[in-house]
Amino acid sequence: MTTPTTTAADNPAPREAGSAVLDASGVTMRFGGLTAVRDVNLTVRPGEIVGLIGPNGAGKTTFFNCLTGLYIPTEGTVSYKGTVLPHRSHLVTQAGIARTFQNIRLFANMTVLENVLVGRHTRTHEGLFSALVRGPGFRRAERHSEDRAMELLRFTGLADKRDHLARNLPYGEQRKLEIARALASEPGLLLLDEPTAGMTAVETTATRELVLAIREQGTAVLVIEHDMRFIFNLCDRVAVLVQGQKLVEGTPDIVQNDDRVIAAYLGTPFEGEPGEAEAAEVRAAEEAEARAAEEGGIRAAEEGGIRAAEETEAATTSQSAQADQPADAPEGKAD
Ligand SMILES: Nc1ncnc2c1ncn2[C@@H]1O[C@H](COP(=O)(O)OP(=O)(O)OP(=O)(O)O)[C@@H](O)[C@H]1O
C-alpha cells in the first residue's frame, strides 16, 4: 500500500461540494417497546470522513444497519447521491455503499484473493450461461475482477498473502482484508463498524493511514469507533449518539470539548436529561452524610481530646486525596 503522510487537517474535505453522498433523514428504529434510534439526521458529503461515536448501546450499529438495508427503519429515509435507497442490503451495495462489521465476517476457508473476489460480485454482469460455458466474455470479466482484486490487495498491503486462507491471517490483517473486500464493490461510501477494535497501537495507526488513503481515492467514509483518539485524529466531523438520539455534531474540537459528551461518557446525566433528578437526590444524600460525619468528628474531638481529632483529620485528608484523582476523560477506549 502507498501510505500517504497527509492528515485530515492537511487535506480538508470539500464541505460545500455537490450533493450529499449519504443523507439519512429522520431515521427511527424501534424493536417492540425499545427505540434504539430516534429521529436521527446525518449527512456525509463527498470526500468526508465522518465519525459516529456514543456509549455502548447508543444505537450506532442499529443506525448502520438502517443505512445498509439490513433493517427497515420504522421511520425515515436514507438516500445515496440523491436517490432513496431500497431496504435490501445487496441493492444498497449495488447502489454504492459498502460496509464492514463489528465482528469479522470473512470466508474463513477461502483464500485472501477469493474473499476479495466475492466482494466483486455486485460489479460483474456475466450471466449463469456465460459462467457455465466459460465463454470469452466470462473469462475477460474474470481476468478484470482478478486484476482489480490484486490492486486492492496491494493497496491494503496484503498482496503477498493472496493464496493464504483468511483464517490463517493475523487479526489485524483479517480486518484489512474485510476492508479490501468491501472496496471490491467500488463503493462511493464505505461504512466501517469499529475497524480498530482489538488492534495494537501500530495496527490502529496503519488503519488510520488506510482510511485516509481510501478517502484520497474518492470514497467517503463513515466510521463507528470507541477509540476516541483514532476518531478525533481522523475525522472531519463527528456525530455523537446517546440513547438513540444525536446529541452533538461538529468538528472533533467542538465535540471533544462539549460538556454533554463528556457527561454522556462518564455516565453523569446533564441538566434536563432523564436521570438528573435521581442524580441530584444521590448528591444531596452524599452531602448530608459528609456533613453528619464532619459534625461527629468535631464532637469526638471535643469529648475525646486531641487524638480523636487527629484521626478524623487523617481520614478526611485521605478521602479528599482520593476525590482529587482525575476522572477518566472520554479518551482512548470508552469501554
Ligand atoms: N435486533 C435487535 N432486537 C432488539 N433490540 C436490539 C436489536 N439490536 C439492537 N438492539 C438494542 O438496541 C440498542 C442499541 O444497540 P446497538 O447495538 O445499535 O448499540 P451500539 O451503539 O452499536 O452499541 P455498541 O457500541 O455496544 O456496539 C441496545 O439497547 C440493543 O440492545
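Calculation rules
- Residues numbered from 1 in each chain as written.
- Predicted model: local features only at pLDDT ≥ 70, side-chain atom pairs only at ≥ 80, totals over all residues.
- Heavy atoms only, no water.
- Pairing = 2+ DSSP bridges.
- Helix = DSSP H or I, 4+ residues; strand = E, 2+ residues; numbered from the N terminus.
- Core = buried A, V, L, I, M, F, W, Y, C linked by side-chain atoms within 4.5 Å.
- Buried < 20%, exposed > 50% of the residue type's maximum accessible area, 1.4 Å probe, protein only.
- Contact = heavy atoms within 4.5 Å.
- Expected span 1.5 Å × (residues − 1).
- Near = heavy atom within 4 Å.
- Polar contact = N/O pair within 3.5 Å; in protein donor to acceptor, adjacent residues only side chain to side chain.
- Areas by Shrake-Rupley, 256 points an atom, 1.4 Å probe, with all protein chains shown as cover.
- 1 Å grid on protein atoms, 1.4 Å probe; cavity = no way out; pocket = protein on both sides within 12 Å on 5 of 7 lines; lining within 4 Å.
- Points joined across faces, edges and corners; volume = space filled by probe spheres on them.
- Nonpolar A, V, L, I, M, F, W, Y, C, P; charged D, E, K, R; others polar.
- Axes fitted to C-alpha atoms, helices over the stretch in contact; angles between N-to-C directions.

The name given to the protein chain in an unreviewed UniProt entry is ABC transporter ATP-binding protein, with Streptomyces diacarni as the source organism.

**Quick notes on the pairing of strand β10 (residues 245-250)**
As paired elements, strand β9 (residues 237-242) and β10 share 5 bridges and run antiparallel to each other. Its bridge partner being in β10, Leu241 is matched across the sheet by Lys246. Two successive antiparallel strands, β9 and β10, enclose a turn made up of 2 residues, where Gln243 displays a positive phi of approximately 50°.

**Description of the nonpolar core**
Counting residues in each nonpolar core, the largest one holds 45 residues, and the members touching the most others are Ile53, Leu177 and Val223. Residues in contact with Val223, not counting those within four places in the same chain, are Ile49, Val50, Gly51, Leu52, Leu192, Pro195, Phe230, Ile231, Leu234 and Cys235. Listed in part, the 28 residues of the second largest apolar core include Leu22, Ala24, Leu67 and Ile97.

**Considering helix α7 (residues 201-216)**
Taking 1.5 Å per residue as the helical rise, α7 with its 16 residues ought to reach 22 Å, and the 23 Å between its terminal C-alpha atoms agrees with that figure. For α7, every residue scored as buried is listed here: Thr204, Thr207, Arg208, Leu210, Val211, Leu212, Ala213, Ile214 and Arg215. In the stretch just after α7, Gly218 is the one whose phi turns positive, near 105°.

**Some thoughts on the site of the ligand**
Around the ligand, the structure places 15 residues, and the nearest of them are Gly57, Gly59, Lys60, Thr62 and His226. The separation between an oxygen atom of the ligand and a polar side-chain atom of Asn56 is 2.9 Å. Within the contact set of the ligand, a nitrogen atom lies 3.4 Å away from a side-chain nitrogen or oxygen of Tyr71. Compared with its free state, where it exposes 630 Å², the ligand has 63% of that area covered by protein. At the level of elements, β2 (34-44) and α1 (60-67) are the ones that each hand at least two residues to the shell around the ligand. Element by element, the count of residues in the shell around the ligand is highest for α1, at 3 residues.

**Here's the deal with the layout of surface pockets**
Space inside the largest pocket adds up to approximately 500 Å³. Around the largest pocket, the lining is made up of 20 residues, and of these Thr93, Arg99, Phe101, His121 and Arg181 lie nearest the centre. The set of elements that each furnish at least two residues to the lining of the largest pocket consists of α2 (89-95), β6 (97-99), α3 (112-119) and α6 (171-183). Taken together, the residues of the lining of the largest pocket break down into 7 nonpolar, 9 polar and 4 charged.

**Digging into the environment of Arg215**
Among the structural elements, Arg215 can be located in helix α7. Since its relative accessible area comes to 6%, Arg215 is described here as buried.

**Description of the sheet that holds β9**
Here 6 strands make up an open sheet; going across it, the order is β6-β7-β8-β3-β9-β10 and the pairing mixed. This sheet does not close on itself; its edge strands, each paired only once, are β6 and β10. Each adjacent strand pair in this sheet contributes to an overall mean axis angle of 20°, direction not counted. Summarising the sheet, β6 and strand β7 (residues 189-193) pair through 3 bridges and their orientation is parallel. Residue pairing for β7: Ile97 is matched across the bridge by Leu189.

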